[in-house]
Amino acid sequence: MTKRRRFATLPPVTIPELAVGAQLELRGQATDAEGSGVVEHAGRQLHVPGLLPGERARVRVDNLARFSANAYGHMLELLEPHPQRRSPPCPRHRDPLAQSSHAGTCGGCPLMHLNVAGQREAKRERLRGLGLELAEADLIGGDEWGYRWSSKRVVAGKLGKLWLGSRRADPLAHTGQIADMHGCLVDHPAIERVFEQLVRQANLERIQGWRPGHQDKPATGDLRYAWAKTDGERVLLTLITSPGEGDADHSRAAELLPEALMAASPELAGVAWSVQPERGNAIRGRAPELLAGVGTLTLELAGVQVEVGPLGFLQPNPPMAAQAYLDLIDLGDAEPRERVWDLYAGVGVTTALLRARHREVIACESYAESAQALGIAPMAVEDFLLARKAERPDLVVANPPRAGLGTEVCARLVELAVPRLHMMSCNPESLAQDLARLAPAYELERLRGYDTLPQTAHLELVACLRRR
């Protein structure tokens, strides 16, 4: 007779529930789009600023999202640090071990406490989580500091003590909280010098910063934002203000600052003025007016001369963007084609590169300033594809905004049955979604990444697809 083995009765394993105020010992698994650590726990994704993949930490839960499976917390104690963790070089970098997840100053470089090699591996790991495999040799990097050639700042502070910053990315921070950006290490040095002079002159002239109203209280103040761009030497500065009182736009900042700034800043090429009448956080306002100097900068991207105006788009890291543009055109396939469509053509770099290689190139761009530079009427891609549904190009090149191509555009591209499709994306999540939508008709042939914004989770990608 076989004896029945007896097993000790063990208590059921329980996973601590996520509740506001709970303190848990967890290990980081990945990074999210904002650079925070992510831990899958109790059916939720817990996002923890400063937590790196593989690190073990004691974490406090601060907030549970009501309409998603997300949760947010902050580190109380780091128990096992990442081997490539470092002391952040910038003194304004937010301390992830502060007693409050929104304590400290600037959160604009969420990966600064990880060295660049570690940052790039974390970005490759994030892609793996999206089902995208990127070889180490296909992740191209550039300068670690001073790489940003376009920078937008929010005006903050009191009368006579204005300063420039950016809105906190921290999901727990109040929407009105502004992080001080003085002395930023990633902005181009020429831009940083112009911003410093702007603050100095605005305070001398007693310029009022804009303050949003709420409920029945009207907004007050003048100077709202500053937007600076450089060609590597000169700077174009745009002052973005409130409309002022009355029917006609009026701004003391626009009236008093341009000449003084031009005299005090040798690298300043021009000052423009735009009015943003809306209460929201949109920075780009009405059509700009040139107040002093020149109204455009001329840059060379991948051998193409482009002009950038006060409110036009400029890649924040042009040298790295140039490499991405070249790969977008040539990676894996440089064969001349009869007809090519360039969707989301932007300032026209890809259009010029394509026209040097192919017989007929038709560009599509919706932003009026960029479309005018291309000599075309502004048009949304959806309308462009609908108007040309009877045509069939040999190659489509697309560089969509952060939201990606989307369902409608992907569906139309599948219907077109284009032999080749090359895409550039600034958002791995939306790229993964677009690739899934295109998968019934297209196969991913090559993927390459560009670390255009070191210290952040941002990654530019070029994907080359061929018809199945």
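My aim in this report is to walk through the structure given alongside it, one point at a time. What you see as residue numbers is a count from 1 along each chain, following the sequence as written. Reporting of local features is limited, given that this is a predicted model, to residues whose pLDDT is at least 70; pairs of side-chain atoms are given and counted only at 80 or more, and all residues count toward the totals for whole chains, interfaces and linings. Calculated side-chain values reflect all of the structure's heavy atoms, with hydrogen atoms and water omitted.

Some words on the environment of Gly 280
Move 1: Take Gly 280: it is sitting in the loop between strand E13 (268-275) and strand E14 (289-293).
Move 2: For the pair formed by Gly 280 and Pro 212, sequence separation is 68 residues and the distance between their alpha carbons is 8.5 Å.
Move 3: Here, residues are in contact when the closest pair of their heavy atoms is within 4.5 Å. With residues near it in sequence (within four places) discarded, Gly 280 still touches Arg 224 and Tyr 225. Every helix listed is a DSSP run of H or I at least four residues long, and every strand listed is a run of E at least two residues long, numbered separately from the N terminus.

Considering helix H8 (residues 406-416)
Move 1: Categorising residues by exposure relies on relative accessible area from a 1.4 Å probe, with only protein chains included: less than 20% of the type maximum marks a residue as buried, more than 50% marks it as exposed, and the intermediate range marks it as partly exposed. Taken residue by residue, H8 has Gly 406, Val 409, Cys 410, Leu 413 and Leu 416 as its buried positions. The buried residues of H8 occupy one face: seen down the axis, they fall within an arc of 120 degrees. Exposed positions of H8 whose direction lies more than 90 degrees from the buried face are Thr 407 and Glu 415.
Move 2: Packed against the buried residues of H8 are strand E17 (339-343), helix H7 (381-387), strand E19 (395-398), strand E20 (420-425), helix H9 (428-438) and strand E21 (442-451).
Move 3: Ala 417 lies just past H8 and shows a positive phi near 55 degrees. When we speak of the arc, we mean the arc of directions from the helix axis to the C-beta atoms.

What to know about the nonpolar core
Move 1: The nonpolar core is taken to be a set of buried Ala, Val, Leu, Ile, Met, Phe, Trp, Tyr and Cys residues, with the residues joined through side-chain atoms within 4.5 Å. Residues Leu 343, Leu 405 and Leu 438 are the most contacted members of the largest nonpolar core, which totals 33 residues.
Move 2: Leave out the neighbours within four places in its chain, and Leu 405 touches Tyr 344, Ala 398, Pro 400, Cys 410, Leu 413, Met 423, Asp 434 and Leu 438.

Section: the packing of H8 against H9
Move 1: Working convention: axes come from line fits to C-alpha atoms, limited for helices to the stretch in contact. Angles between N-to-C directions cover 0 to 180 degrees. Two elements in contact, H8 and H9, have axes separated by 9 Å at closest approach and are oriented at 35 degrees. Viewed along their axes, H8 and H9 form a crossing whose handedness is right-handed. Of the residues in H9, those in contact with Gly 406, Thr 407, Cys 410, Leu 413 and Val 414 of H8 are Asp 434, Arg 437 and Leu 438.
Move 2: Just so you know the grouping, Ala, Val, Leu, Ile, Met, Phe, Trp, Tyr, Cys and Pro go in nonpolar, Asp, Glu, Lys and Arg go in charged, and all remaining residues, Gly too, go in polar. When its residues are assigned to classes, the contact of H8 with H9 shows four nonpolar, two polar and two charged. Should the near helix be turned anticlockwise from the far one by less than a right angle, the crossing is left-handed, and should it be turned clockwise, the crossing is right-handed.

Comments concerning the packing of helix H2 (residues 189-204) against helix H3 (residues 252-264)
Move 1: For the pair H2 and H3, the least separation of the axes is 10 Å and the interaxial angle reads 135 degrees. The orientation of H2 with respect to H3, classified from their angle, is oblique. Seen from above, H2 lies across H3 with right-handed handedness. Residues Gln 197, Leu 198, Gln 201 and Ala 202 of H2 form the contact with H3, whose participating residues are Leu 257, Ala 260, Leu 261 and Ala 264.
Move 2: By residue class, the composition of the contact of H2 with H3 is six nonpolar, two polar and no charged. Any angle that falls under 35 degrees is termed roughly parallel, while one over 145 is termed roughly antiparallel, one within 65 to 115 roughly perpendicular, and all others oblique.

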